[in-house]
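An overview of the molecular structure
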Amino acid sequence: MAQLQAISSSCSSTNLIFHGAKRELHADIVYSSKKMSPFLEELGAKVSALHGHKIVHINEKLKTARNNQGLQKNAAIQAVFTSEKETEASADRKGSIFRRKLKKVVLAYSGGLDTSVIVPWLRENYGCDVVCFTADVGQGINELDGLEEKAKASGASQLVVKDLKEEFVRDYIFPCLRAGAIYERKYLLGTSMARPVIAKAMVDVAREVGADAVSHGCTGKGNDQVRFELTFFALNPELNVVAPWREWEIRGREDAIEYAKKHNVPVPVTKKSIYSRDRNLWHISHEGDILEDPANEPRKDMYVMTVDPEDAPDEPEYVEIGLVSGLPVSINGKELSPATLLSELNEIGRKHGIGRVDMVENRLVGMKSRGIYETPGGTVLFTAARELESLTLDRETIQVKDSLALKYAELVYAGRWFDPLRESMDAFMEKITETTTGSVTLKLYKGSVSVTGRVSPYSLYRQDISSFESGQIYDQADAAGFIRLYGLPMRVRAMLQS
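Throughout, residues of each chain are indexed from 1 in the direction in which the sequence is written. Only residues with pLDDT of at least 70 get local features here, since the model is predicted, and only at 80 or more are side-chain atom pairs given and counted; chain-wide, interface and lining totals rely on the full set of residues. Neither water nor hydrogens contribute to the side-chain values; these are computed over all heavy atoms in the structure.

**What to know about empty space enclosed by the protein**
Lining residues are those with an atom within 4 Å of a point, where the points come from a 1 Å grid over the protein atoms alone and group into cavities, where a 1.4 Å probe fits but cannot get out, or pockets, open sets with protein on both sides within 12 Å along at least five of seven lines. Grid points are joined across faces, edges and corners, and a volume is the space filled by probe spheres set on the points. A full pass over the atoms with the stated rule returns two cavities of 30 Å³ or more. In terms of lining residues, the largest cavity is bounded by Leu-177, Arg-178, Gly-180, Phe-382, Ala-385, Arg-386, Glu-389, Lys-401 and Asp-402. When contributions to the lining of the largest cavity are tallied by element, the ones reaching two or more residues are helix H6 (165–179), helix H11 (376–392) and helix H12 (395–413). Charged means Asp, Glu, Lys or Arg here, nonpolar means Ala, Val, Leu, Ile, Met, Phe, Trp, Tyr, Cys or Pro, and polar covers whatever is left, Gly included. Its residues placed into classes, the lining of the largest cavity shows three nonpolar, one polar and five charged. Taken together, Lys-186, Tyr-187, Leu-188, Gly-355, Val-357, Tyr-373 and Thr-375 form the lining of the second largest cavity. Of the residues contributing to the lining of the second largest cavity, the split by class is four nonpolar, two polar and one charged. Under the DSSP-based scheme used, a helix requires at least four consecutive residues in state H or I and a strand at least two consecutive residues in state E, with every element numbered from the N terminus.

This is the structure we're talking about:
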């Protein structure tokens, strides 16, 4: 940039060109016989500066250009040396990355090895105060034990914990449920929905504590880095974002342990799982180890939220789900808050082995990955919501809703929760499900969910019309004319071919 400024500052903007003009090269001066627009003149100055040339108009006195030539070259050389010194300085700070000093960083913190190491790394490389943030999205009470002590022992100034369970279910899970959003036919978006609610809370905390940056421990190969950072961009584009896994020289668990010991960071003593897992109130995911080969069957001891369907009770259990405008409100007639309802339904689904999914999915970053998901309560809710829609929505509405649900799921998976497109689609989903009110009765048995009944005051199903017995509204003789008109294109095509 210094080189560009040094050269362009000595060039008159009215004497510059880019492409399309007749040129004569003399040493480091390019002459033009054409007068270009101010935009192209300025652009030509920048491009020529990068190549060490001055571009002048053919009418300019050659003597002036040549006199300035030596001065320009000296300035350009000096600028290049200055730029190289800046690069060398940044290279000395690891990875050829220039890091400017930050004031305060809010870190998404779990208390595990990776985030424990990130705390001192941020302080060392950015000279900043670190505020750790942990979101309770239903990952389990054990995950929160002793976090404040761990965070401060790692060098954090404080730990902020927020209970986001109700917000997570009410404002993120239930809208996806109402939309019927399922990614690539199977995935119920458990992790995808959790990341924006966590990232949003981080932006709020950054504002509360006066932080100028946020940080996460996502790797450079996964989807979560995108989900976090798109939320940061959408809610506060002025925040700096630090992603250590894309910057540091730590490449694995052993490197992280060595770094922790060097900086006197207590290394978590919990047993390292052979799987990479993410858990919240909606689901748990499993990746890694033998699962990386799609041909391998998962081990029975891998599952956490559900019993093996083979070991589930021999007697089925019936459960009634009540919904209002497409959103669940009750279990067996008992009204519950969103998070409480999901928690209770998780327990019911768990003991019957409901909600296991084994799939190979396409990650946002381009690669395929194999994952196992357990979503017991969510699977029951999705079945109930879709079944009630069969009563309350007509054919074309269902078709349009299902087609939009695919895009809705894709947006959520890609981290675009706060995209105006998703928000607009959500408004459609809310409107179209206004009458999706009623109840659905389900039978849970050894891993399966079966619908046994559905009721709605807004049902479009009419027994007096649908019955095979005679009725007053539907005259079967009318079908003959309908069939002739509906089948007319096929008859015309057949006549043409004959």
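**What to know about the sheet that holds strand S7 (residues 213–215)**
Two strands form a pair only when DSSP identifies at least two bridges running between them. Strand order in the open sheet formed by five strands is S6-S5-S4-S7-S8, with parallel pairing between adjacent strands. Across the chains shown, the open sheet's two edge strands, defined by having one partner strand only, are strand S6 (158–163) and strand S8 (240–242). The mean inter-strand angle of the sheet, taken between neighbouring strand axes irrespective of direction, is 25°. Pairing analysis gives three bridges linking strand S4 (residues 104–108) to S7, with the strands arranged parallel. Residue pairing in the sheet places Val-106 in a bridge with Val-214 of S7. Helix axes are fitted to C-alpha atoms over the stretch in contact, other axes to C-alpha atoms as well, and angles between N-to-C directions run from 0 to 180 degrees.

**Notes on the confidence of the model for the protein chain**
Low pLDDT marks stretches whose predicted atomic positions should not be read closely. For the protein chain, the average pLDDT comes to 85, and 79% of its residues sit at 70 or higher. Each residue carries a pLDDT score, the predictor's confidence in it, ranging from 0 to 100. Contacts were defined at the residue level, with two residues in contact if any of their heavy atoms lie within 4.5 Å. With pLDDT under 50 throughout, residues 43–66 is counted as low confidence; its partners more than four residues away or in other chains account for 54 contacts. A low-confidence stretch, residues 79–96 (pLDDT under 50), is modelled with 14 contacts involving residues beyond four sequence positions or located in other chains.

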